[in-house]
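A look at the structure
One-letter residues, chain by chain:
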Amino acid sequence: MSSHSGMWKKTVFTYGIILLGSGILSFGLYNIHERTNVTEGGVLGMTLLLQHWFGFSPSVTSPLMDIACYLLAWRFLGNAFARYALAASLAFAGFHALWEQFPPLLPDLSAYPAIAAVAGALFVGLGVGLVVRIGGACGGDDALALSISHVTRWPIARCYLLTDLTVLALSLSYISVSRILYSLITVTLSSALIGWVQGTGRAPSKDGADGGAPETETA
């Protein structure tokens, strides 16, 4: 009985952290990134690019791209990671759809891009960091980077950098070079914060990936 109770509490805690992290991430994306054109790399940045050029809401494009990344990396990441990552993706979509029902709740930082870059990084770093700490992922970036690493045998950090720089380069189609420089600040700071949140109080991850990819589990 106590074993079942412990398992239930652990499950509630795990998905509670996923909800918290996804809520923080989507709140920052809606209130800061989308209003100031300070974009992210990876899947997050791609959702902003698609929203700008085609009007697609991140509440739709984010889970679609995440699922594509998860299917690509399913055999490499393990079932537990896939469950948590899918939950985070759906939670992000739900929270973003909720925020869209209200006007922005934070001041417009468009005139202060440096502040926007740092503030955005704090939301992304904290939100994603909480999710990866319990073994999930936000945005599908982890799944995509791990897939690239498996195919190319590159270090996982280089794979993260590749996806981020690719999206930032595409974002030059609607964001000025000066704004992209601020985005580089956001990417750098958020990556560092993700690693700090994920790794505080525990041993470094086995694969050494930024953001701490979880151990695989096949059961």
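So, a few notes on the structure that sits alongside this text.

About the thresholds
- Residues numbered from 1 in each chain as written.
- Predicted model: local features only at pLDDT ≥ 70, side-chain atom pairs only at ≥ 80, totals over all residues.
- Heavy atoms only, no water.
- Helix = DSSP H or I, 4+ residues; strand = E, 2+ residues; numbered from the N terminus.
- Contact = heavy atoms within 4.5 Å.
- Areas by Shrake-Rupley, 256 points an atom, 1.4 Å probe, with all protein chains shown as cover.
- Expected span 1.5 Å × (residues − 1).
- Buried < 20%, exposed > 50% of the residue type's maximum accessible area, 1.4 Å probe, protein only.
- Core = buried A, V, L, I, M, F, W, Y, C linked by side-chain atoms within 4.5 Å.
- Phe/Tyr/Trp six-rings, centres within 6.5 Å; stacked < 30°, edge-to-face > 60°.

What to know about the overall build of the chain
A count of helical and extended segments in the chain gives 8 helices and 0 strands. Scanning the chain from its N terminus toward the C terminus, one meets helices and strands in the order α-α-α-α-α-α-α-α. Contacts in the chain between residues far apart in sequence, at least 24 positions, make up 76% of those at least 6 positions apart. Split by element, the accessible area of the chain, about 10800 Å² in all, is 70% carbon and sulfur.

Section: helix α6 (residues 141-152)
Compared with the 16 Å implied by 1.5 Å per residue over 12 residues, the 16 Å span of α6 between its first and last C-alpha is a close match. Where α6 is concerned, the buried positions are D141, D142, A143, A145, L146, S147, I148 and S149. Among the residues trailing α6, R153 stands out with phi positive, at a value near 65 degrees.

Brief notes about helix α4 (residues 79-99)
With 21 residues, α4 should reach 30 Å at 1.5 Å per residue; the first-to-last C-alpha distance of 30 Å fits that figure. By the burial criterion, the buried members of α4 are A80, F81, A82, Y84, A85, A88, S89, A91, F92, A93, H96 and W99.

What to know about the nonpolar core
Among the nonpolar cores identified, the biggest contains 21 residues, and L25, V128 and C138 are the most heavily contacted of them. When neighbours within four sequence positions are excluded, V128 is seen to be in contact with L25, C138 and I194. Core analysis: the second largest hydrophobic core is formed by 12 residues, V43, L50, A137 and L146 among them.

A word on the environment of Y160
The topology assignment puts Y160 in helix α7 (residues 156-171). The spacing of Y160 and L144 is 16 residues in sequence and 8.4 Å in space, taken between C-alpha atoms.

Quick word on the packing of aromatic side chains
Summed over all chains, the structure comprises 6 aromatic pairs. A centroid spacing of 5.7 Å and a plane angle of 40 degrees characterise the contact between F27 and F123, whose relative ring orientation is tilted. Highlighted residues: F27 in helix α1 (residues 2-36) and F123 in helix α5 (residues 113-133), separated in sequence by 96 residues. Under the relative-accessibility criterion, F27 is labelled buried at 17%. Taking the centre distance of 6.5 Å and the plane angle of 80 degrees together, the rings of W53 and Y174 count as edge-to-face. Pair noted here: W53 is in helix α2 (residues 42-54) and Y174 is in the loop between α7 and α8 (177-199), with a separation of 121 residues, a long-range link. With a relative accessible area of 45%, W53 lands in the partly exposed category. Among the residues examined, Y174 registers a relative accessible area of 15% and is labelled buried. Through a chain of ring-to-ring contacts, the aromatic side chains of F27, F95, W99 and F123 assemble into a single cluster.

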